[in-house]
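# Notes for the structure review
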Amino acid sequence: MFDISGWFVPLARRVLYAWVRTTVFAESAAGLDPARPVCYVLQDRHLSNLLVLFEESRRAGLPPGEAPLALGGLRTKRSVFFLNRRHGGAAPEASPALVGQVRAVVADPTLDVQLVPVVILWGRSPAKQESILKALLAETWRSSGMLRQFFAILLHGRQTLVRFNPPLSLRELVHGGAVPLGEAAALRKVSRVLRVHFRRQREMAIGPDLSHRNTQVEVLLASEPVRAAIAGEVARLGISDGEAYGRAQKFALEIASDYSYGTVRAMELFLSWLWEHLYDGIEMHNFDVVTRIAPGQGIVYVPCHRSHIDYLLLSYLIYRNGLTPPHIAAGDNLDMPLVGSLLRRGGAFFLRRSFKGEPLYATVFDEYLNLMLARGFPVEYFIEGGRSRTGRTLTPKAGILGMTIRSFVRSHSRPLVFVPVYIGYERVIEGQTYVSELAGRPKQRESLWQLVKSIRSIRRVFGKVHVNFGEPLPLAGFLDSYRPDWRASPADGEWLRATTRAAAGELATRINAAAVINPVSLVALGLLATPEYTADEYGLRRMIAHYQALDAAAPYSPQRIACALDPVQVIAHAARLGIVEEIPHPFGNLVRVVDAQVEVLPYFRNNVLHLFAVPALIACLLGNNRSLETQRLSDAVVGIYRLMRSELFLRWSEEELLDEVRRTIVIFAERGLLIRAEPSGWLRTPETNSLEYPELLQIGETLRPMLGRHFLVLALLQQRGSGALTRRVLEEDCQLLTQRLALLHGFSAAEIADKSVFASFVANLLDSELLREDDEGLLRFDEHLLGPLAYAELVLPADARQAIRRIAVHQSQ
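Residues numbered from 1 in each chain as written. Predicted model: local features only at pLDDT ≥ 70, side-chain atom pairs only at ≥ 80, totals over all residues. Heavy atoms only, no water.

### Some points on the environment of His 784
In this structure, His 784 sits in the loop between β24 (779-780) and α34 (786-794). Distance in space between the C-alpha atoms of His 784 and Leu 770 is 6.5 Å, their sequence separation being 14 residues. (Helix = DSSP H or I, 4+ residues; strand = E, 2+ residues; numbered from the N terminus.)

Take a look at the structure:
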């Protein structure tokens, strides 16, 4: 109890109530037995709580809390004690007043005291706050220190709720059971009953306790895999059990989120303000696919990763639409001072980029993820691993996805559903940074200073953001189709790694299937195929109309979202965002990409390139050959499709692809982009002096950078021969050669010099068994590789092919 003199209490109470206003509920305590002593119970040890109790018990006509308590031979100065008592961060200890009362009642069963729990809440729940600061300091499950309590009183003192609860008979709690309790057991029982009582009252007011650190770290460290890993750490490092346990605890706290309702509410208020100043609006599509998921099923949100805005935006939308925001896997590079703590309290849990050399850390993280999934917490992570610098969906990483699948195979009592999410921007805050990194500048590590500098961007206009929820993937159903006996299979081994790779590819494909076509992407498709990134306005409107017609007549997938603007509105929208500018001219206005956006714009074309990959490939083949027999064109499309399917995560099987080719040919013919010679089956381009001929070439030009990259890899492999290159050397050489091509032959470095896209393409060749790695890590191939190489030559102009061949020959010498 606070050691305060008699004169201090009235003075302090008067000072406090000069500001504090209370709402009191005392009806439940009105039936107190005057023949038995009364003792009030407060949850947290704060002087302000004690003063409020003294004042409100007097106002309500209840026995005064500041009165002495007499129970048998026990005498205390006041009729109140605190349930939670901590000193210097140590473990909580029982109140001496409670210990004395329990001891007295155990010793003399005729004695009794009426325990009246009193709940005091400073302010409303975070969900009802309209101020960021008030939301941060609203009532939560976290015990508050002196400073936080002071500010809570300052901000919420006029909205203080006091609830006197029905009395509990200490004698009934101690002697009411079938078995007599000793002093220690009785103390534990009474403390437990009071804790549960306060928990229920607080849960009614502010919602359930989701604090991982308070409720889950101990469970995590007690799990069998973590205990085994701790024993392994003792043997591996030659340290004591206590030191190994301390390392595991340190890892758990480094990983675990520290969810706070107040922080989430404060972030909602801040983000509402931020979106209003940063974007023209946020368009959400197909959220009903989430609400249709049956209650009780676990959800893992799997969005594409285009910007640091992604995880803030997705959590915000989920929370605003009445669902629990997910716990987000974030790289430890974001665990910065202040920012890391804020993200952690918003639900982020952190993981290292590599677990190599730390088996204990890997086990702790694996068990933490398993614990969250088993308890039904929604989770969010980016299977791409990092942000895409090119605008394409990156090759998924198997790490955390593999842990998720392994966890589900171990314990699948709760169904688990993956929800792919596509996030599309009209401008990206990090756009210029991406261009610099693609040009070779080292990636800068995130820091608080970098974040502060980014805040200046809020004065800019970044257009609209589109968030589209794709087709969910129930994990049990996927495993049933991939390996029917998975329930009886071990949660490890090659089958699980193969299944993880298949699931990663399927999720990336479903993310791409939910792509959104926005005005900036349409302008990028139309202008980047022109020599000087300039077109006459009429011609650009025609190009945009071609792409919109292809999308309308042969949509890539039912989940994709079309652009609702017409071509005139599309161009005007891009001009308002500062992406293009209009140049007046007597013979017709021109539209040109603003100089500062030339290197950024390919990013937005790449966002939707997969939606038009087949039309672009057909246009490449026809434009480069002027005429082709239909079967020859179809064979070429199928052959090249094997090369680009994994890079673009395209959704069609070979049979579906042929149907798509036929649909595209019909649309091209209807729009005059090709001429069909019946009944011979030949296809040819329009006349060279027609409007449609250069438009066909421009559609094909959108694929040229990717096809050039494919041709370069194959040409280099062919030139060096089988068994001459390792995978790492091939990827590095390709990156260096494309930088050289950019300087000598006009290939855009930002388009084709990203090492990750070469890694993705090489992985595709390995998966399709056109390439294989021997025991020494050397790449080997046979004549089957030459088929796609011949098809690639069909779609590249002769000068581009020769430039690539010269570079490859020069490099091999």
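That covers the picture; the talk isn't over yet.
### As for the packing of helix α27 (residues 630-648) against helix α30 (residues 704-720)
One can describe the packing of α27 onto α30 by two numbers: an axis separation of 11 Å at closest approach and a directional angle of 115°. Looking at the two axes, α27 sits roughly perpendicular to α30. Taken as a pair, α27 and α30 cross one another with a handedness that is right-handed. Counting all contacts with α27, which are made through Ile 640, Leu 643, Met 644, Glu 647 and Leu 648, the residues of α30 involved are Met 706, Leu 707, Arg 709, His 710 and Leu 714. Across the contact of α27 with α30, the residue classes tally to 7 nonpolar, 1 polar and 2 charged. (Axes fitted to C-alpha atoms, helices over the stretch in contact; angles between N-to-C directions. Parallel < 35°, antiparallel > 145°, perpendicular 65-115°, else oblique. Left-handed = near helix turned anticlockwise from the far one by under 90°. Contact = heavy atoms within 4.5 Å. Nonpolar A, V, L, I, M, F, W, Y, C, P; charged D, E, K, R; others polar.)

### Points about the sheet that holds strand β21 (residues 675-677)
With antiparallel pairing, the 3 strands of this open sheet are ordered in space as β20-β22-β21. Edge strands, defined here as strands with exactly one partner in the open sheet, are β20 (627-629) and β21. On average, each strand axis in the sheet is inclined to that of its neighbour by 25°, with strand direction left out of account. Pairing geometry for β20 and strand β22 (residues 682-684), over 3 bridges, is antiparallel. Residue pairing for β22: Ser 627 is matched across the bridge by Arg 684. In the packing of helix α26 (residues 613-625) onto the sheet, contacts are made with β20 and β22, and the angle to β20 comes to roughly 120°. (Pairing = 2+ DSSP bridges.)

### Examining the pattern of salt bridges
Here the structure, examined in full by the defined rule, presents 42 salt bridges. Here Arg 497 makes a salt bridge to Glu 494, at a shortest N to O gap of 3.3 Å. Separated by 3 residues within a single helix, Arg 497 and Glu 494 lie in helix α21 (residues 494-513), roughly one turn from each other. Assessed through its relative accessible area of 45%, Arg 497 is described here as partly exposed. Close ionic contact of Arg 704 with Glu 701 constitutes a salt bridge, the shortest N to O distance being 2.6 Å. With a relative accessible area of 24%, Arg 704 lands in the partly exposed category. The partly exposed category is assigned to Glu 701, whose relative accessible area is 28%. If you follow the salt bridges from partner to partner, you end up with Arg 13, Glu 55, Glu 56, Arg 58, Arg 59 and Glu 66 in one network. (Salt bridge = Lys/Arg side-chain N within 4 Å of Asp/Glu carboxyl O. Buried < 20%, exposed > 50% of the residue type's maximum accessible area, 1.4 Å probe, protein only.)

### With respect to helix α16 (residues 359-374)
Taking 1.5 Å of rise per residue, 16 residues should cover 22 Å, and α16 covers 22 Å from first to last C-alpha, within 8% of that figure. For α16, the tally of buried residues reaches 12 of 16 residues, placing the bulk of the element in the interior. Taken together, the buried positions of α16 are Leu 360, Tyr 361, Val 364, Phe 365, Asp 366, Glu 367, Tyr 368, Leu 369, Asn 370, Leu 371, Met 372 and Leu 373. Immediately beyond the C-terminal end of α16, within one or two residues, lies Gly 376, with a positive phi of roughly 85°. (Expected span 1.5 Å × (residues − 1).)

### Quick notes on the packing of aromatic side chains
Enumeration according to the criterion identifies 19 aromatic pairs in this entry. Measuring from centroid to centroid gives 6.4 Å for Tyr 279 and Phe 462, while their planes differ by 70°, and the two rings are edge-to-face. On the criterion of sequence distance, the pair formed by Tyr 279 in the loop between α12 (261-278) and β9 (281-285) and Phe 462 in the loop between α19 (448-454) and β15 (464-469) is long-range, its members being 183 residues apart. With relative accessibility at 1%, the residue Phe 462 sits in the buried group. The structure contains a cluster of three or more aromatic residues connected by ring pairs, namely Phe 251, Phe 349, Phe 355, Tyr 361, Phe 365 and Tyr 368. One cation-aromatic arrangement involves Arg 163 over Phe 25; the distance from NZ or CZ to the ring centre is 4.7 Å. Over the face of the ring belonging to Tyr 556 we find Arg 651, whose NZ or CZ atom lies 5.8 Å from the ring centre. (Phe/Tyr/Trp six-rings, centres within 6.5 Å; stacked < 30°, edge-to-face > 60°. Lys NZ or Arg CZ within 6 Å of the ring centre and 35° of its normal.)

### As for helix α5 (residues 146-156)
By the burial criterion, the buried members of α5 are Gln 149, Ala 152, Ile 153 and His 156. For α5, the angular spread of the buried residues around the axis is 100°, confining them to a single face. (Arc of directions from axis to C-beta.)

### Observations regarding the nonpolar core
Ranked by internal contacts, the top residues of the largest apolar core, which has 193 residues, are Phe 469 and Leu 633. Among residues more than four places away in sequence, those in contact with Phe 469 are Met 284, His 285, Asn 286, Phe 287, Val 289, Val 290, Tyr 301, Leu 314, Val 419, Pro 420 and Val 421. Leu 53, Val 118, Ile 120 and Ile 153 belong to the second-largest nonpolar core, a separate cluster that totals 27 residues. (Core = buried A, V, L, I, M, F, W, Y, C linked by side-chain atoms within 4.5 Å.)

### Some words on the pairing of strand β14 (residues 416-425)
Summarising burial for β14: 10 of the 10 residues are buried, a large majority. Burial along β14 is two-sided: Leu 416, Phe 418, Pro 420, Tyr 422 and Gly 424 facing one way and Val 417, Val 419, Val 421, Ile 423 and Tyr 425 facing the other are all buried. Direction of pairing for strand β10 (residues 298-303) relative to β14: parallel, over a ladder of 6 bridges. Looking at β14, one finds that Val 300 is bridged to Phe 418. Sheet topology places β14 next to strand β16 (residues 473-474); 2 bridges connect them, and they run antiparallel. By the bridge assignment for β16, Val 417 is matched with Pro 474.

Note that all results are geometric; they support no functional claim without further evidence.
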